[in-house]
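# Structure at a glance
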Amino acid sequence: MTCCRTLARLLLSGGLAFASAAHAAGITVHDARNRDVTVTDFARTVSIGGAITEILYALGLESRLVGVDTTSLYPAAALQDKPNVGYVRQISAEGVLGLNPTLILAIQGSGPRETMDILETAKVPLVLVPETFSEEGLIEKIKLVGHAMGVDARAECLSAAVGADLAQLRALRAKVTKPVRVMFVMSLQNGRAMVAGHKTAADEIIQLAGAANAVEDYDGYKVITDEAIVAAKPDVVLSIERGKDSLQADAVYTHPGFALTPVAANKSFITMDGLYLLGFGPRTAAAARDLSVKLNPALAEGGAFASALSTANCRQ
């Protein structure tokens, strides 16, 4: 028995020594800037981007987090337990570096540019995580974050669970016979609608849900005219919950443009949690499924979405 215990201790110490050596040698991460970043210490990580934080928690790495941004709303413990470094596009360099991080993981598009320039020149590895709104982009995001944190096996586990959920979503989407025309409205400012075109998270989630984006003529977000709204003929307006700033259904139904579309005629307005709907994190398949059922209630008859993510244990 003593011999076995001694052997076990030797194997454990050898394993730890090997891990330490691999850690000292560094991990190379190819990030969104098309650069190779060497990570040698991930014990004090700052996460900038709600999806990144969600992935880190799903991988059981919250103890390594020393700071998060304001979009890190899931799980709720992130903002409750960790220092807040500001909004993803208005990050303070002093706020980040003041936490003495050994690694910064930031979603592509983080800013402002001046802050990102400072962080890039600081002696702290900065990994810019690609933001590609697609099934493949989501899986690659998970794998890159896991690799940067030295937990490739956990990342493979999480990727497999998310991939299984996306496969279920594809099967559900195949049952949609007539795609609903959806217009994602970010805001109504002074009566003018800011809506999502192609190459946006909103556009991709609409497609993942088996629907069609009613905005067909441009990429990104744009303020459009009332005439353009009428011409697009949306069946449904989709928006996100933003507290007191949330878009209200009555404001849509009485809007001069939407009042002349099926949206007002059918009282078709859907609002969902912003990170859940547009974050492109591990729960994206579930969010698209929820949206699909809201758009096509008959799909709910197929039973509950048996999420592989809910049963997978990728935290160890």
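Note on numbering: residues in each chain are counted from 1, in written sequence order. Given that the model is predicted, a residue must reach a pLDDT of at least 70 before its local features are reported, and side-chain atom pairs must reach 80 or more before they are shown or counted; all residues, however, enter totals for whole chains, interfaces and linings. Values shown for side chains rest on all heavy atoms present in the structure; no hydrogens or waters enter the calculation.

Okay, the overall build of the protein chain next. Runs of E in the DSSP output that reach at least two residues are strands. Runs of H or I that reach at least four are helices, and both are numbered from the N terminus. In terms of regular secondary structure, the protein chain is built from 13 helices and 12 strands. Expressed along its principal axes, the backbone C-alpha trace of the protein chain runs to roughly 80 × 45 × 35 Å. Taking the contacts inside the protein chain whose residues are at least 6 apart along the sequence as the reference set, 59% of them involve residues at least 24 apart. Residue exposure ignores everything except the shown protein chains as possible cover, and the areas themselves are Shrake-Rupley values with a 1.4 Å probe. Total accessible area computed for the protein chain in this model is approximately 15000 Å², and 55% of it derives from carbon and sulfur atoms. Positive: Lys, Arg. Negative: Asp, Glu. His and the chain ends are not part of the count. Every charge is mapped to an atom, namely NZ of Lys, CZ of Arg, CG of Asp or CD of Glu. Mean positive and mean negative side-chain charge positions of the protein chain (29 and 32 charges, respectively) differ by 4 Å. Contact definition: two residues touch when any of their heavy atoms are within 4.5 Å.

Counted as salt bridges are all cases of a side-chain nitrogen of Lys or Arg within 4 Å of a carboxyl oxygen of Asp or Glu. All told, the structure shown has 14 salt bridges when counted by the stated rule. Two residues, Arg35 and Glu120, come together in a salt bridge whose shortest N-O distance is 3.2 Å. Of this pair, Arg35 sits in the loop between strand S1 (27-30) and strand S2 (36-39) while Glu120 sits in helix H5 (residues 113-121); the two residues are 85 residues apart in sequence, bridging distant segments of the chain. Think of it in three bands: with a 1.4 Å probe and only protein chains considered, a residue is buried below 20% of the maximum accessible area for its type, exposed above 50%, and partly exposed in between. On the basis of relative accessibility, which here comes to 43%, the residue Arg35 falls in the partly exposed class. Here Arg170 makes a salt bridge to Glu135, at a shortest N to O gap of 2.4 Å. Of this pair, Arg170 sits in helix H7 (residues 152-173) while Glu135 sits in helix H6 (residues 135-148), and the two are 35 residues apart along the sequence. A residue is classified by how much of its surface remains accessible, and Arg170, at 39% relative accessible area, is partly exposed. Using a relative accessible area of 14% as the deciding quantity, one classes Glu135 as buried. Here the salt bridges share partners, and the residues they tie into one network are Asp31, Arg33, Arg35, Arg113, Asp117 and Glu120.

Time to look at the nonpolar core. If you look at the biggest cluster of nonpolar residues, it comprises 79 residues, and the most contacted ones within it are Ile48, Leu105, Val127, Phe184, Leu277 and Leu291. If one sorts the elements of this core by residue count, helix H13 (residues 284-295) sits on top with 7 residues. Once you skip the residues sitting within four places of it in the chain, Leu277 turns out to touch Phe184, Ile205, Leu238, Ser239, Ile240, Met272, Ala287 and Leu291. Core analysis: the next-biggest nonpolar cluster, separate from the first, contains 17 residues, Val185, Tyr218, Ile224 and Val263 among them. Side-chain atoms within 4.5 Å are what join buried Ala, Val, Leu, Ile, Met, Phe, Trp, Tyr and Cys residues into a set we call a nonpolar core.

Ring geometry is summarised as follows: Phe, Tyr and Trp rings, the Trp one being its six-membered ring, pair when their centres sit within 6.5 Å, and such pairs are stacked at plane angles under 30 degrees, edge-to-face over 60 and tilted between the two. Throughout the structure, instances matching the rule amount to 2 aromatic pairs. Residues Phe184 and Tyr221 carry aromatic rings whose centres are separated by 6.4 Å and whose planes lie at 70° to one another, so their mutual orientation is edge-to-face. Of this pair, Phe184 sits in strand S7 (residues 181-189) while Tyr221 sits in strand S10 (residues 221-224); the two residues are 37 residues apart in sequence, bridging distant segments of the chain. Geometrically, a charge over a ring is one whose NZ (Lys) or CZ (Arg) sits within 6 Å of the ring centre while staying within 35 degrees of the ring normal. A cation over a ring is seen here: Lys267 above Tyr253, with NZ or CZ 5.2 Å from the ring centre. For Arg283, the ring lying beneath its charged end belongs to Tyr74, and the centroid distance is 3.6 Å.

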